[in-house]
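Report on the structure
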Amino acid sequence: MIYLRVSSNRQVGRDYDPEGISIPAQREACHRKAEQLGLAVVDEYVEPGRSATEMTKRAAFQRMLARIHDVGDIDHVIVYKLSRLARNRVDDALVMADLRQRGIALISATESVDNTPVGQLMHGILATFNEYQSRESGTDIACKMGQKARNGGTIGRAPLGYLNHTDHTHGREIRTIILDPERAPLVRLGFELFATGSLSLDQLSQQLYQQGLRTRPTARYPAQRISISKLSRMLRDRYYLGYISYHGTQLPGRHQPLIDEPLFDRVQAIIDTRATPGKRRRIHHHYLKGTLYCGHCHQAGTAGRMIIQHTITRRGDQYTYFFCRNRQQRTCSAPYVKVAVAERAVKRYYATITRPQLDDALSAPDSVDADIDTALAPVQIYERCTTDERRHHRLRTTRRRYTGASHTSHTSHNTLGDYNTETGPDQQKPSRPDTGREGCSAIKSAGQSTKIEFPVELTGFEPVTP
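Scope of this entry: the structure provided in the associated data block. Keep in mind the model is a prediction, meaning the values are calculated, not measured. (Residues numbered from 1 in each chain as written. Predicted model: local features only at pLDDT ≥ 70, side-chain atom pairs only at ≥ 80, totals over all residues. Heavy atoms only, no water.)

**A word on the overall build of the protein chain**
Scanning the protein chain from N- to C-terminus turns up 16 helices and 14 strands. Contacts spanning at least 24 positions in sequence make up 60% of the contacts within the protein chain whose residues lie at least 6 apart. Carbon and sulfur atoms make up 51% of the accessible area of the protein chain, which amounts to about 26700 Å² in all. (Helix = DSSP H or I, 4+ residues; strand = E, 2+ residues; numbered from the N terminus. Contact = heavy atoms within 4.5 Å. Areas by Shrake-Rupley, 256 points an atom, 1.4 Å probe, with all protein chains shown as cover.)

**Looking at a nonpolar patch on the surface**
Where nonpolar side chains cluster on the molecular surface, the patch consists of Leu 121, Met 122 and Ile 125 and spans about 280 Å² of accessible area. Within the secondary structure layout, Leu 121 lies in helix H6 (residues 117–150). Judged by relative accessible area, Leu 121 falls into the exposed class, the value being 55%. (Patch = residues over 30% accessible without salt bridge, like charges linked within 9 Å, V, L, I, M, F, W, Y side chains within 5 Å. Salt bridge = Lys/Arg side-chain N within 4 Å of Asp/Glu carboxyl O. Buried < 20%, exposed > 50% of the residue type's maximum accessible area, 1.4 Å probe, protein only.)

**A word on the environment of Glu 343**
Positionally, Glu 343 belongs in helix H12 (residues 339–350). Since its relative accessible area comes to 19%, Glu 343 is described here as buried.

**Focus: the pairing of strand S8 (residues 249–252)**
Note: strand S7 (residues 243–246) against S8, four bridges, orientation antiparallel. Bridge pairing in S8 places Tyr 243 opposite Pro 252. Here S7 folds back onto S8 in antiparallel fashion, the turn holding two residues, of which His 247 has a positive phi close to 55°. (Pairing = 2+ DSSP bridges.)

**What to know about the side chain of Arg 87**
Tracing the backbone shows Arg 87 in the loop between helix H4 (82–85) and helix H5 (89–101). Lacking a salt bridge, the buried Arg 87 has Glu 111 as its closest oppositely charged neighbour, with an N-O distance of 9.1 Å. (Lys, Arg positive; Asp, Glu negative; His and termini not counted.)

**Quick look at unusual backbone geometry**
Outside of glycine, negative phi angles account for most residues, and trans bonds account for most peptide bonds. The phi angle at His 247 is positive, at roughly 55°, despite the residue not being glycine. Structurally, His 247 can be placed in the loop between S7 and S8. On the accessibility criterion, His 247 (69% relative accessible area) is exposed. Of note in this structure, Arg 330 is not a glycine but carries a positive phi near 60°. Structurally, Arg 330 can be placed in the loop between strand S11 (318–324) and strand S12 (337–338). Since its relative accessible area comes to 78%, Arg 330 is described here as exposed.

**Re the packing of aromatic side chains**
One pair of aromatic rings is described through two measures. These are the centre distance and the angle between the planes. Taken as a whole and judged by the stated rule, the model has 10 aromatic pairs. Both rings, one in Tyr 321 and one in Tyr 336, keep their centres 5.0 Å apart while their planes meet at 75°; by these two values the pair is edge-to-face. With a gap of 15 residues between them, Tyr 321 in strand S11 and Tyr 336 in the loop between S11 and S12 connect regions that are remote in the sequence. These aromatic residues form a ring-pair network of at least three members: Tyr 162, Phe 191, Tyr 239 and Tyr 240. For the cation-ring pair, Arg 58 lies above Phe 61, with the distance from its terminal atom to the ring centre recorded as 4.6 Å. (Phe/Tyr/Trp six-rings, centres within 6.5 Å; stacked < 30°, edge-to-face > 60°. Lys NZ or Arg CZ within 6 Å of the ring centre and 35° of its normal.)

Structure (C-alpha coordinates):
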(Lines give C-alpha, C1' and ligand atoms only; values in the text may rest on other atoms or scores of the structure.)
Protein backbone atom coordinates (compact mmCIF):
# COMPACT_ATOMS: atom_id res chain seq x y z
CA MET A 1 0.00 0.00 0.00
CA ILE A 2 1.23 3.49 -0.89
CA TYR A 3 0.44 6.71 1.01
CA LEU A 4 0.98 10.07 -0.79
CA ARG A 5 0.53 13.56 0.66
CA VAL A 6 1.17 17.25 0.02
CA SER A 7 0.71 19.97 2.64
CA SER A 8 -1.25 22.66 0.75
CA ASN A 9 -3.69 23.02 -2.12
CA ARG A 10 -1.25 25.34 -3.89
CA GLN A 11 1.08 22.38 -4.43
CA VAL A 12 -1.76 20.60 -6.21
CA GLY A 13 -2.51 23.50 -8.55
CA ARG A 14 0.99 24.23 -9.85
CA ASP A 15 0.80 22.20 -13.05
CA TYR A 16 -1.58 21.19 -15.83
CA ASP A 17 -1.78 17.81 -14.13
CA PRO A 18 -4.74 17.91 -11.68
CA GLU A 19 -2.47 16.37 -9.02
CA GLY A 20 0.25 18.98 -9.48
CA ILE A 21 3.91 18.00 -9.53
CA SER A 22 4.70 16.60 -6.08
CA ILE A 23 2.14 13.77 -5.89
CA PRO A 24 3.08 12.19 -9.27
CA ALA A 25 6.78 12.41 -8.28
CA GLN A 26 6.05 10.69 -4.93
CA ARG A 27 4.03 7.99 -6.69
CA GLU A 28 6.81 7.23 -9.13
CA ALA A 29 9.42 6.94 -6.36
CA CYS A 30 7.17 4.66 -4.26
CA HIS A 31 6.43 2.34 -7.18
CA ARG A 32 10.14 2.15 -7.98
CA LYS A 33 10.87 1.18 -4.35
CA ALA A 34 8.13 -1.47 -4.46
CA GLU A 35 9.68 -3.00 -7.62
CA GLN A 36 13.10 -3.09 -5.97
CA LEU A 37 11.69 -5.01 -3.01
CA GLY A 38 9.49 -7.25 -5.19
CA LEU A 39 6.26 -5.99 -3.64
CA ALA A 40 2.88 -5.67 -5.38
CA VAL A 41 1.01 -2.41 -4.84
CA VAL A 42 -2.64 -3.26 -4.13
CA ASP A 43 -3.89 0.25 -3.42
CA GLU A 44 -2.86 3.86 -2.79
CA TYR A 45 -4.24 6.64 -0.62
CA VAL A 46 -3.71 10.25 -1.71
CA GLU A 47 -4.02 13.22 0.65
CA PRO A 48 -3.99 16.52 -1.31
CA GLY A 49 -3.51 19.69 0.72
CA ARG A 50 -3.47 18.31 4.29
CA SER A 51 -1.02 19.17 7.06
CA ALA A 52 0.85 16.36 8.82
CA THR A 53 0.77 18.01 12.26
CA GLU A 54 -2.73 16.60 13.00
CA MET A 55 -3.41 13.11 11.63
CA THR A 56 -7.06 12.99 12.81
CA LYS A 57 -7.97 15.62 10.17
CA ARG A 58 -6.57 13.55 7.27
CA ALA A 59 -9.46 11.61 5.74
CA ALA A 60 -7.38 9.39 3.40
CA PHE A 61 -4.96 8.51 6.21
CA GLN A 62 -7.84 7.47 8.45
CA ARG A 63 -9.32 5.32 5.66
CA MET A 64 -5.95 3.62 5.25
CA LEU A 65 -5.76 2.82 8.97
CA ALA A 66 -9.35 1.53 8.91
CA ARG A 67 -8.49 -0.86 6.08
CA ILE A 68 -5.43 -2.09 7.95
CA HIS A 69 -7.58 -2.78 11.01
CA ASP A 70 -10.58 -4.32 9.24
CA VAL A 71 -9.24 -6.14 6.16
CA GLY A 72 -5.73 -7.18 7.17
CA ASP A 73 -4.45 -7.75 3.60
CA ILE A 74 -1.47 -5.38 3.89
CA ASP A 75 2.13 -6.32 4.77
CA HIS A 76 3.94 -3.06 3.92
CA VAL A 77 3.15 0.67 3.82
CA ILE A 78 5.38 2.74 1.53
CA VAL A 79 5.78 6.50 1.84
CA TYR A 80 8.01 8.91 -0.04
CA LYS A 81 9.48 10.25 3.22
CA LEU A 82 8.65 9.86 6.89
CA SER A 83 7.55 13.52 6.90
CA ARG A 84 4.71 12.51 4.55
CA LEU A 85 3.39 10.22 7.28
CA ALA A 86 3.73 12.52 10.31
CA ARG A 87 5.53 15.63 11.54
CA ASN A 88 4.67 14.98 15.15
CA ARG A 89 6.72 12.53 17.25
CA VAL A 90 3.70 11.44 19.28
CA ASP A 91 1.63 10.62 16.19
CA ASP A 92 4.58 8.88 14.60
CA ALA A 93 5.11 6.70 17.69
CA LEU A 94 1.40 5.77 17.90
CA VAL A 95 1.17 4.81 14.22
CA MET A 96 4.38 2.79 14.34
CA ALA A 97 3.22 0.92 17.46
CA ASP A 98 -0.05 0.07 15.72
CA LEU A 99 1.70 -1.13 12.55
CA ARG A 100 4.20 -3.27 14.44
CA GLN A 101 1.43 -4.87 16.49
CA ARG A 102 -0.19 -6.01 13.23
CA GLY A 103 3.06 -7.11 11.63
CA ILE A 104 3.17 -4.34 9.03
CA ALA A 105 6.48 -2.76 7.99
CA LEU A 106 6.82 0.95 7.18
CA ILE A 107 9.14 1.70 4.23
CA SER A 108 10.50 5.08 3.14
CA ALA A 109 11.28 5.36 -0.58
CA THR A 110 14.12 7.87 0.00
CA GLU A 111 15.36 7.12 3.56
CA SER A 112 17.20 4.17 5.13
CA VAL A 113 14.51 3.07 7.58
CA ASP A 114 13.93 -0.60 8.40
CA ASN A 115 13.39 -2.92 11.38
CA THR A 116 17.07 -3.20 12.30
CA PRO A 117 18.37 -1.35 15.39
CA VAL A 118 20.22 1.12 13.16
CA GLY A 119 17.11 1.60 11.03
CA GLN A 120 14.98 2.25 14.11
CA LEU A 121 17.56 4.74 15.44
CA MET A 122 17.50 6.55 12.11
CA HIS A 123 13.69 6.52 12.21
CA GLY A 124 13.66 8.20 15.66
CA ILE A 125 16.20 10.82 14.55
CA LEU A 126 14.25 11.62 11.40
CA ALA A 127 10.94 11.86 13.30
CA THR A 128 12.50 14.31 15.77
CA PHE A 129 14.03 16.37 12.96
CA ASN A 130 10.71 16.46 11.04
CA GLU A 131 8.94 17.87 14.08
CA TYR A 132 11.71 20.43 14.62
CA GLN A 133 11.58 21.47 10.97
CA SER A 134 7.81 21.90 11.10
CA ARG A 135 7.96 24.09 14.20
CA GLU A 136 10.91 26.07 12.90
CA SER A 137 9.11 26.78 9.63
CA GLY A 138 6.02 27.90 11.54
CA THR A 139 8.08 30.27 13.70
CA ASP A 140 9.82 31.70 10.65
CA ILE A 141 6.55 32.27 8.81
CA ALA A 142 4.98 33.93 11.87
CA CYS A 143 7.96 36.28 12.16
CA LYS A 144 7.67 37.29 8.51
CA MET A 145 3.91 37.76 8.77
CA GLY A 146 4.39 39.99 11.82
CA GLN A 147 6.85 42.15 9.93
CA LYS A 148 4.47 42.39 6.98
CA ALA A 149 1.69 43.49 9.33
CA ARG A 150 3.91 46.14 10.93
CA ASN A 151 4.69 47.42 7.43
CA GLY A 152 0.96 47.83 6.80
CA GLY A 153 0.51 44.81 4.57
CA THR A 154 -2.60 42.64 4.54
CA ILE A 155 -2.18 39.02 5.64
CA GLY A 156 -4.28 36.52 3.78
CA ARG A 157 -7.24 37.15 1.54
CA ALA A 158 -8.55 40.69 1.20
CA PRO A 159 -11.97 41.43 2.77
CA LEU A 160 -15.08 42.04 0.68
CA GLY A 161 -14.66 45.29 -1.25
CA TYR A 162 -10.94 44.76 -1.84
CA LEU A 163 -8.85 42.52 -4.11
CA ASN A 164 -5.46 40.89 -3.70
CA HIS A 165 -3.10 42.29 -6.33
CA THR A 166 0.45 41.57 -7.42
CA ASP A 167 2.38 44.69 -8.38
CA HIS A 168 5.38 44.15 -10.66
CA THR A 169 7.43 47.31 -10.17
CA HIS A 170 11.15 47.68 -11.01
CA GLY A 171 11.53 43.95 -11.33
CA ARG A 172 9.94 43.30 -7.91
CA GLU A 173 6.88 41.21 -7.14
CA ILE A 174 4.91 43.08 -4.47
CA ARG A 175 1.68 41.58 -3.19
CA THR A 176 -0.69 44.35 -2.22
CA ILE A 177 -4.39 45.25 -1.93
CA ILE A 178 -6.53 47.35 -4.28
CA LEU A 179 -10.18 48.44 -4.22
CA ASP A 180 -12.64 46.12 -5.92
CA PRO A 181 -14.24 48.35 -8.58
CA GLU A 182 -17.41 46.22 -8.55
CA ARG A 183 -17.99 45.69 -4.82
CA ALA A 184 -16.26 48.61 -3.07
CA PRO A 185 -19.01 51.20 -3.86
CA LEU A 186 -21.68 48.77 -2.63
CA VAL A 187 -19.80 48.04 0.60
CA ARG A 188 -19.56 51.79 1.24
CA LEU A 189 -23.28 52.07 0.48
CA GLY A 190 -23.92 49.36 3.07
CA PHE A 191 -22.24 51.43 5.79
CA GLU A 192 -24.17 54.54 4.76
CA LEU A 193 -27.54 52.78 4.73
CA PHE A 194 -26.99 51.15 8.11
CA ALA A 195 -25.89 54.47 9.61
CA THR A 196 -29.40 55.83 9.02
CA GLY A 197 -30.66 53.46 11.72
CA SER A 198 -33.75 52.47 9.71
CA LEU A 199 -32.61 49.04 8.50
CA SER A 200 -31.99 45.76 10.23
CA LEU A 201 -29.11 43.52 9.16
CA ASP A 202 -31.47 41.29 7.22
CA GLN A 203 -33.04 44.26 5.44
CA LEU A 204 -29.59 45.69 4.69
CA SER A 205 -28.45 42.38 3.25
CA GLN A 206 -31.53 42.27 1.04
CA GLN A 207 -31.07 45.87 -0.11
CA LEU A 208 -27.41 45.30 -1.02
CA TYR A 209 -28.33 42.09 -2.82
CA GLN A 210 -30.86 44.00 -4.91
CA GLN A 211 -28.18 46.62 -5.66
CA GLY A 212 -25.89 43.85 -6.96
CA LEU A 213 -23.55 43.03 -4.05
CA ARG A 214 -22.45 39.40 -4.09
CA THR A 215 -19.74 37.46 -2.31
CA ARG A 216 -16.67 36.53 -4.29
CA PRO A 217 -17.04 33.09 -5.89
CA THR A 218 -14.73 30.28 -4.80
CA ALA A 219 -13.96 26.80 -6.05
CA ARG A 220 -16.63 25.40 -3.71
CA TYR A 221 -19.27 28.16 -3.58
CA PRO A 222 -20.63 30.49 -6.28
CA ALA A 223 -21.23 34.20 -5.77
CA GLN A 224 -24.24 34.66 -3.50
CA ARG A 225 -26.02 37.05 -1.14
CA ILE A 226 -23.90 38.15 1.81
CA SER A 227 -25.02 36.43 5.00
CA ILE A 228 -26.18 38.33 8.09
CA SER A 229 -23.25 37.04 10.18
CA LYS A 230 -20.71 38.11 7.58
CA LEU A 231 -22.43 41.47 7.17
CA SER A 232 -22.27 42.00 10.94
CA ARG A 233 -18.52 41.27 10.96
CA MET A 234 -18.02 43.61 8.01
CA LEU A 235 -19.73 46.51 9.79
CA ARG A 236 -17.45 45.95 12.81
CA ASP A 237 -14.24 45.59 10.80
CA ARG A 238 -11.81 48.52 11.16
CA TYR A 239 -10.03 47.31 8.03
CA TYR A 240 -12.39 49.57 6.07
CA LEU A 241 -10.98 52.53 8.04
CA GLY A 242 -7.47 51.71 6.89
CA TYR A 243 -6.32 49.50 9.79
CA ILE A 244 -5.25 45.88 9.98
CA SER A 245 -5.52 43.59 12.98
CA TYR A 246 -2.64 41.32 13.97
CA HIS A 247 -2.79 39.30 17.19
CA GLY A 248 -5.35 41.71 18.67
CA THR A 249 -3.35 44.85 17.80
CA GLN A 250 -4.62 47.53 15.40
CA LEU A 251 -1.92 48.68 12.98
CA PRO A 252 -2.10 51.30 10.19
CA GLY A 253 -2.49 49.58 6.82
CA ARG A 254 -1.17 50.50 3.43
CA HIS A 255 -4.52 49.90 1.72
CA GLN A 256 -6.92 52.71 0.83
CA PRO A 257 -9.68 53.33 3.43
CA LEU A 258 -13.19 52.75 2.13
CA ILE A 259 -15.06 54.88 4.72
CA ASP A 260 -14.25 57.69 7.14
CA GLU A 261 -14.15 57.71 10.94
CA PRO A 262 -17.47 59.59 11.58
CA LEU A 263 -19.43 57.13 9.43
CA PHE A 264 -17.81 54.14 11.14
CA ASP A 265 -18.56 55.60 14.59
CA ARG A 266 -22.25 56.10 13.72
CA VAL A 267 -22.51 52.50 12.61
CA GLN A 268 -20.86 51.25 15.81
CA ALA A 269 -23.21 53.37 17.94
CA ILE A 270 -26.25 51.82 16.26
CA ILE A 271 -24.89 48.30 16.66
CA ASP A 272 -24.08 48.90 20.34
CA THR A 273 -27.54 50.34 20.98
CA ARG A 274 -29.26 47.33 19.47
CA ALA A 275 -27.02 44.92 21.31
CA THR A 276 -27.81 46.43 24.74
CA PRO A 277 -29.80 43.90 26.84
CA GLY A 278 -33.32 44.94 27.79
CA LYS A 279 -33.76 47.40 24.94
CA ARG A 280 -36.07 46.53 22.09
CA ARG A 281 -35.38 47.94 18.69
CA ARG A 282 -38.44 49.24 16.90
CA ILE A 283 -37.86 48.76 13.22
CA HIS A 284 -41.23 49.77 11.80
CA HIS A 285 -42.66 53.12 12.91
CA HIS A 286 -46.32 54.08 12.50
CA TYR A 287 -48.63 56.35 14.48
CA LEU A 288 -51.22 53.54 14.89
CA LYS A 289 -48.64 51.17 16.30
CA GLY A 290 -49.71 49.84 19.68
CA THR A 291 -53.33 51.06 19.43
CA LEU A 292 -54.98 48.43 17.21
CA TYR A 293 -56.43 45.20 18.59
CA CYS A 294 -57.83 42.17 16.82
CA GLY A 295 -61.63 41.92 16.76
CA HIS A 296 -61.46 38.20 16.03
CA CYS A 297 -59.58 37.58 19.30
CA HIS A 298 -61.90 39.97 21.21
CA GLN A 299 -64.94 37.96 20.13
CA ALA A 300 -63.15 34.81 21.27
CA GLY A 301 -62.59 36.32 24.72
CA THR A 302 -58.84 36.99 24.36
CA ALA A 303 -56.69 40.03 23.66
CA GLY A 304 -54.62 40.20 20.50
CA ARG A 305 -52.57 43.28 19.67
CA MET A 306 -52.06 44.00 15.99
CA ILE A 307 -48.43 44.55 15.06
CA ILE A 308 -46.96 46.05 11.93
CA GLN A 309 -44.81 44.27 9.34
CA HIS A 310 -42.84 45.68 6.42
CA THR A 311 -41.97 43.32 3.55
CA ILE A 312 -39.77 43.79 0.51
CA THR A 313 -40.15 41.21 -2.25
CA ARG A 314 -37.37 39.95 -4.50
CA ARG A 315 -38.57 42.32 -7.20
CA GLY A 316 -38.28 45.26 -4.81
CA ASP A 317 -42.01 45.77 -4.18
CA GLN A 318 -42.77 47.01 -0.66
CA TYR A 319 -45.80 46.07 1.44
CA THR A 320 -46.74 47.25 4.93
CA TYR A 321 -49.59 45.69 6.85
CA PHE A 322 -50.98 44.97 10.32
CA PHE A 323 -51.60 41.48 11.62
CA CYS A 324 -52.61 39.94 14.93
CA ARG A 325 -49.69 38.91 17.10
CA ASN A 326 -51.54 35.72 18.04
CA ARG A 327 -51.01 34.48 14.49
CA GLN A 328 -47.41 33.88 15.48
CA GLN A 329 -48.64 31.33 18.04
CA ARG A 330 -51.17 29.99 15.50
CA THR A 331 -54.10 30.86 17.79
CA CYS A 332 -55.67 33.46 15.49
CA SER A 333 -56.78 33.21 11.87
CA ALA A 334 -57.64 36.88 11.28
CA PRO A 335 -56.47 38.16 7.88
CA TYR A 336 -53.62 40.56 7.28
CA VAL A 337 -54.77 44.19 7.00
CA LYS A 338 -53.18 46.75 4.74
CA VAL A 339 -52.02 49.89 6.50
CA ALA A 340 -54.17 52.07 4.25
CA VAL A 341 -57.28 50.04 5.18
CA ALA A 342 -56.55 50.43 8.89
CA GLU A 343 -55.98 54.17 8.53
CA ARG A 344 -59.31 54.69 6.74
CA ALA A 345 -61.16 52.64 9.37
CA VAL A 346 -59.69 54.69 12.22
CA LYS A 347 -60.44 57.94 10.41
CA ARG A 348 -64.08 56.96 9.89
CA TYR A 349 -64.44 56.05 13.55
CA TYR A 350 -63.09 59.39 14.83
CA ALA A 351 -65.48 61.18 12.47
CA THR A 352 -68.39 59.81 14.56
CA ILE A 353 -67.22 61.40 17.85
CA THR A 354 -69.62 64.18 18.91
CA ARG A 355 -68.76 67.59 20.38
CA PRO A 356 -70.37 66.90 23.84
CA GLN A 357 -68.23 63.82 24.16
CA LEU A 358 -65.14 65.87 23.41
CA ASP A 359 -66.09 68.56 25.91
CA ASP A 360 -66.53 65.98 28.66
CA ALA A 361 -63.17 64.41 27.81
CA LEU A 362 -61.38 67.76 27.68
CA SER A 363 -62.65 68.74 31.14
CA ALA A 364 -60.43 66.03 32.72
CA PRO A 365 -56.83 67.13 33.47
CA ASP A 366 -54.13 65.55 31.38
CA SER A 367 -51.64 64.30 33.94
CA VAL A 368 -49.23 63.07 31.33
CA ASP A 369 -48.72 66.51 29.80
CA ALA A 370 -48.37 68.08 33.25
CA ASP A 371 -45.57 65.74 34.22
CA ILE A 372 -43.45 66.18 31.11
CA ASP A 373 -41.14 69.10 30.63
CA THR A 374 -42.32 70.79 27.44
CA ALA A 375 -38.89 72.34 26.96
CA LEU A 376 -37.41 68.97 26.06
CA ALA A 377 -37.12 67.72 22.51
CA PRO A 378 -39.87 65.27 21.39
CA VAL A 379 -37.44 62.37 21.32
CA GLN A 380 -36.25 63.12 24.86
CA ILE A 381 -39.84 63.39 26.08
CA TYR A 382 -40.68 60.03 24.51
CA GLU A 383 -37.66 58.35 26.10
CA ARG A 384 -38.66 59.63 29.57
CA CYS A 385 -42.22 58.36 29.30
CA THR A 386 -43.50 55.09 30.72
CA THR A 387 -45.12 52.49 28.52
CA ASP A 388 -48.63 53.82 29.23
CA GLU A 389 -47.53 57.40 28.60
CA ARG A 390 -45.99 56.43 25.28
CA ARG A 391 -49.22 54.69 24.26
CA HIS A 392 -51.12 57.80 25.24
CA HIS A 393 -48.93 59.98 23.05
CA ARG A 394 -49.42 57.67 20.09
CA LEU A 395 -53.16 57.98 20.56
CA ARG A 396 -52.89 61.78 20.56
CA THR A 397 -50.85 61.64 17.35
CA THR A 398 -53.60 59.57 15.75
CA ARG A 399 -56.28 62.04 16.82
CA ARG A 400 -54.36 65.02 15.48
CA ARG A 401 -54.01 63.32 12.13
CA TYR A 402 -57.68 62.44 11.75
CA THR A 403 -59.59 65.15 13.61
CA GLY A 404 -57.42 68.19 12.88
CA ALA A 405 -56.75 71.17 15.19
CA SER A 406 -59.31 73.71 13.93
CA HIS A 407 -61.75 73.38 16.88
CA THR A 408 -61.13 75.08 20.20
CA SER A 409 -62.13 74.05 23.71
CA HIS A 410 -63.26 75.89 26.83
CA THR A 411 -60.55 74.17 28.85
CA SER A 412 -56.84 74.78 29.04
CA HIS A 413 -56.33 72.50 26.01
CA ASN A 414 -56.79 74.59 22.90
CA THR A 415 -56.74 71.92 20.21
CA LEU A 416 -59.02 69.04 19.49
CA GLY A 417 -56.05 66.72 19.11
CA ASP A 418 -55.12 67.12 22.82
CA TYR A 419 -58.27 65.67 24.39
CA ASN A 420 -58.10 62.85 26.92
CA THR A 421 -59.98 59.62 26.16
CA GLU A 422 -60.29 58.59 29.79
CA THR A 423 -64.02 58.33 30.47
CA GLY A 424 -65.93 58.42 33.71
CA PRO A 425 -68.20 55.66 35.00
CA ASP A 426 -71.32 57.36 33.57
CA GLN A 427 -69.78 58.15 30.21
CA GLN A 428 -71.80 56.67 27.41
CA LYS A 429 -69.96 54.84 24.69
CA PRO A 430 -70.24 56.37 21.24
CA SER A 431 -72.56 54.57 18.89
CA ARG A 432 -70.89 52.16 16.56
CA PRO A 433 -71.01 53.38 12.96
CA ASP A 434 -71.92 51.23 10.04
CA THR A 435 -68.54 51.29 8.38
CA GLY A 436 -68.81 48.17 6.26
CA ARG A 437 -66.22 45.43 5.91
CA GLU A 438 -63.30 47.82 6.29
CA GLY A 439 -64.59 49.52 9.43
CA CYS A 440 -63.94 49.12 13.12
CA SER A 441 -66.31 46.83 14.96
CA ALA A 442 -65.79 48.22 18.46
CA ILE A 443 -63.83 50.67 20.54
CA LYS A 444 -62.89 49.73 24.04
CA SER A 445 -61.63 52.15 26.69
CA ALA A 446 -59.53 50.91 29.60
CA GLY A 447 -57.69 53.57 31.61
CA GLN A 448 -55.42 55.53 29.31
CA SER A 449 -55.56 52.99 26.46
CA THR A 450 -58.11 53.07 23.66
CA LYS A 451 -58.32 49.77 21.82
CA ILE A 452 -59.57 49.84 18.25
CA GLU A 453 -60.58 46.35 17.19
CA PHE A 454 -61.10 44.97 13.72
CA PRO A 455 -63.83 42.43 12.96
CA VAL A 456 -63.33 38.90 11.75
CA GLU A 457 -64.76 39.71 8.33
CA LEU A 458 -62.39 42.65 7.75
CA THR A 459 -61.06 42.66 4.23
CA GLY A 460 -57.39 41.69 4.34
CA PHE A 461 -54.79 39.87 2.32
CA GLU A 462 -52.27 37.14 2.80
CA PRO A 463 -48.66 38.20 3.47
CA VAL A 464 -46.34 38.59 0.53
CA THR A 465 -43.40 36.21 0.62
CA PRO A 466 -40.20 38.28 0.62
